[in-house]
Amino acid sequence: MLAERMKSIEGSGVRRMFDLIATMDRPINLSIGQAHYDAPEEVKAAAIRAIREGYNRYTVTEGMASLCAATLDRLEEDRGYRPEAILMTAGVSGGLLLSSMALLDPGDKVLLPDPYFVMYKNVLALAGAEAEYYDLYPAGPGRPWRPDLDQLRALIGPRTKAVLINSPGNPTGGVWPAEMLGELVALCREHGVWILSDEIYEHFVYDAPFASIVPEMRGYDRVLALGGFSKTYGIPGWRLGWAVGPEAVLEAMKILQQYTFVCAPSPLQHGALAALDVDMGARRDEYRAKRDLVHDRLAGRFDLVPSEGSFYAFPAYPRGWTEQEFVQACLEERVLVVPGSSFSRRDTHFRLSFAAEDDVLDAGLSVLCEIADRRR
């Protein structure tokens, strides 16, 4: 009865947590990937004002001209390069779907990181493309979540159309340094392979300046970057993202958007325009402190690489615990984390979101430590 493609689509382990939360009494939620803070007042006020002033109809497909120009201005200021073209999308998720449909044919292969964001392989399945995986798991204790470019080189074959990267990473918290991005571009240029870069967590980088793929567009024309407003400004429900890259690809994505999302939500684009003038540095500092708390509390009980970015940690299960046993023990204590197998071909780690109020985070960390101590 259902379309054949549905055999390749899996339900999201992250979204299942939303369903589970509704059934629990006072859950300690360390599972959901959205900032714990509300949108800044001036951002909400701009959206409300737009609604009241009648900006409730469609915008042009690519988004409000003022928001597109201001976003390109910000990218040029922060990254040092102004991309050729921009499209406002229904979140980065919308950008991933549009770019996959514009670039990929059935049978094309895309190299995905492992661990990966749950949406990636399912979007590829919708486009009829195939996922192949490169490894991010640390090579040793204390090593960061980064790829082996020699492994990437070995994976590239005649059907490889693109490499997808996610930095800062979900679920790992890993960050690609600028020199590694340059090496990736050189490798992809050698083989004519596209680079798709998901940069939605760009604001949450803790130990060094954020390195974007955008400046690499200057020397290579098969680079597409995706980002948005959701995580930084506490507005994930607004579904507002952007895609930048070569004009020909963005034009194709624009045509596809005409028949799918039509345009990004109109009055909320006014709120996003206001957001670009809001300094969120204090929130980044707050999350750096949360990152440090997670590492300080869990180190010694869990094999854990400190998160370089995003607001996730990806600890290994304590020795002696299977994934099913550990997640069940957490549920019995009302603590919600996401099993690592939702993000990976392995079942050795779990995702913890520290985008939570301090008292919730503290309570959750205490329970995780208590569970780990049961089999020490």
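This text gives an overview of the structure that appears in the document. (Residues numbered from 1 in each chain as written. Predicted model: local features only at pLDDT ≥ 70, side-chain atom pairs only at ≥ 80, totals over all residues. Heavy atoms only, no water.)

**A word on the overall build of the chain**
Within the chain one finds 13 helices and twelve strands. Judged by the C-alpha coordinates and their principal axes, the chain covers about 60 × 55 × 50 Å. Every one of the 376 residues in the chain was classed for burial, and the buried ones make up 55%. In the chain, once contacts between residues fewer than 6 apart in sequence are set aside, the share between residues at least 24 apart is 75%. For the chain, the accessible surface area stands at approximately 16400 Å², while carbon and sulfur atoms represent 49% of it. Once the 40 positive and 52 negative side-chain charges of the chain are each reduced to a mean point, those two points are 3 Å apart. (Helix = DSSP H or I, 4+ residues; strand = E, 2+ residues; numbered from the N terminus. Buried < 20%, exposed > 50% of the residue type's maximum accessible area, 1.4 Å probe, protein only. Contact = heavy atoms within 4.5 Å. Areas by Shrake-Rupley, 256 points an atom, 1.4 Å probe, with all protein chains shown as cover. Lys, Arg positive; Asp, Glu negative; His and termini not counted. Charge placed at Lys NZ, Arg CZ, Asp CG, Glu CD.)

**Re the packing of aromatic side chains**
The final tally for this structure, using the stated rule, is 20 aromatic pairs. Seen from their ring centres, F204 and F311 are 5.2 Å apart, and the 70° between their planes marks the pair as edge-to-face. Note that F204 is positioned in the loop between β6 (194–198) and β7 (223–228) and F311 in the loop between α11 (281–298) and β9 (312–313), a separation of 107 residues in sequence. Comparing F204 with F311, the two get one shared label, buried. Each residue in the set Y37, Y201, F204, Y287, F311, Y312 and F354 is aromatic and connected to the rest through ring pairs, giving one cluster. When the ring centre of Y287 is taken as reference, the NZ or CZ atom of K290 above it lies at 5.9 Å. A cation over a ring is seen here: R375 above W321, with NZ or CZ 3.9 Å from the ring centre. (Phe/Tyr/Trp six-rings, centres within 6.5 Å; stacked < 30°, edge-to-face > 60°. Lys NZ or Arg CZ within 6 Å of the ring centre and 35° of its normal.)

**Topic: the packing of helix α2 (residues 41–52) against helix α10 (residues 266–275)**
Direction vectors running N to C along α2 and α10 enclose 150°, while the axes themselves pass 7 Å from each other. Crossing of α2 against α10: the hand is right-handed. Together, E42, V43, A46, A47, A50 and I51 of α2 and P267, L268, H270, G271, A274 and A275 of α10 make up the contact between the two elements. A breakdown of the residues in the contact of α2 with α10 according to their chemical character gives nine nonpolar, two polar and one charged. (Axes fitted to C-alpha atoms, helices over the stretch in contact; angles between N-to-C directions. Left-handed = near helix turned anticlockwise from the far one by under 90°. Nonpolar A, V, L, I, M, F, W, Y, C, P; charged D, E, K, R; others polar.)

**Here's the deal with the layout of surface pockets**
Its boundaries defined by the atoms lining it, the second largest pocket holds a volume of some 550 Å³. Around the second largest pocket, the lining comprises 24 residues; the ones closest to its centre are R74, D78, R79, E202 and H203. Those elements that place two or more of their residues in the lining of the second largest pocket are α3 (65–79), α8 (230–233) and α11. In terms of residues, the lining of the second largest pocket owes the most to one element, α3, which gives five residues. (1 Å grid on protein atoms, 1.4 Å probe; cavity = no way out; pocket = protein on both sides within 12 Å on 5 of 7 lines; lining within 4 Å. Points joined across faces, edges and corners; volume = space filled by probe spheres on them.)

**Some words on the sheet that holds strand β12 (residues 350–353)**
Two orientations exist for strands paired in a sheet by backbone hydrogen bonds: parallel and antiparallel. In space, the three strands of this open sheet follow the order β9-β12-β11, with antiparallel pairing throughout. Looking at which strands have only one partner, the edges of the open sheet turn out to be β9 and β11 (338–339). Sheet analysis places β9 next to β12, joined by two bridges and oriented antiparallel. Looking across to β12, one finds that A313 is bridged to L352. (Pairing = 2+ DSSP bridges.)

**A short note on the pairing of strand β4 (residues 130–135)**
Each regular strand carries side chains that alternate between the two faces of the sheet. Relative to β4, strand β3 (residues 109–114) runs parallel, the two sharing six bridges. Residue K109 lies in a different strand from β4, and its bridge partner there is E130. Considered for its hand, the β-α-β crossover made up of β3, helix α5 (residues 119–127) and β4 is right-handed. (Right-handed = clockwise from strand over helix to strand, strands pointing away.)

**So, empty space enclosed by the protein**
Under the definition given, this model contains four cavities of 30 Å³ or more. Of the pockets and cavities examined, the largest cavity occupies roughly 60 Å³. For the largest cavity, the full set of lining residues is P113, Y134, L136, W145, I165, N166, G169, T172, G174, V175 and W176. Of the residues belonging to the lining of the largest cavity, the class tally is seven nonpolar, four polar and no charged.

**Details of a nonpolar patch on the surface**
On the surface, M1, L2 and M6 cluster together into a nonpolar patch covering about 450 Å² of accessible area. Of note, L2 is situated in the segment before α1 (13–21). The class of L2 is exposed, set by a relative accessible area of 66%. (Patch = residues over 30% accessible without salt bridge, like charges linked within 9 Å, V, L, I, M, F, W, Y side chains within 5 Å. Salt bridge = Lys/Arg side-chain N within 4 Å of Asp/Glu carboxyl O.)

**So, the pattern of salt bridges**
With the rule as written, the count across this model stands at 24 salt bridges. Residue E202 pairs with R79 through a salt bridge whose shortest N-O separation is 2.8 Å. With a gap of 123 residues between them, E202 in the loop between β6 and β7 and R79 in helix α3 connect regions that are remote in the sequence. Summarising the burial analysis for this pair, E202 and R79 share the class buried.

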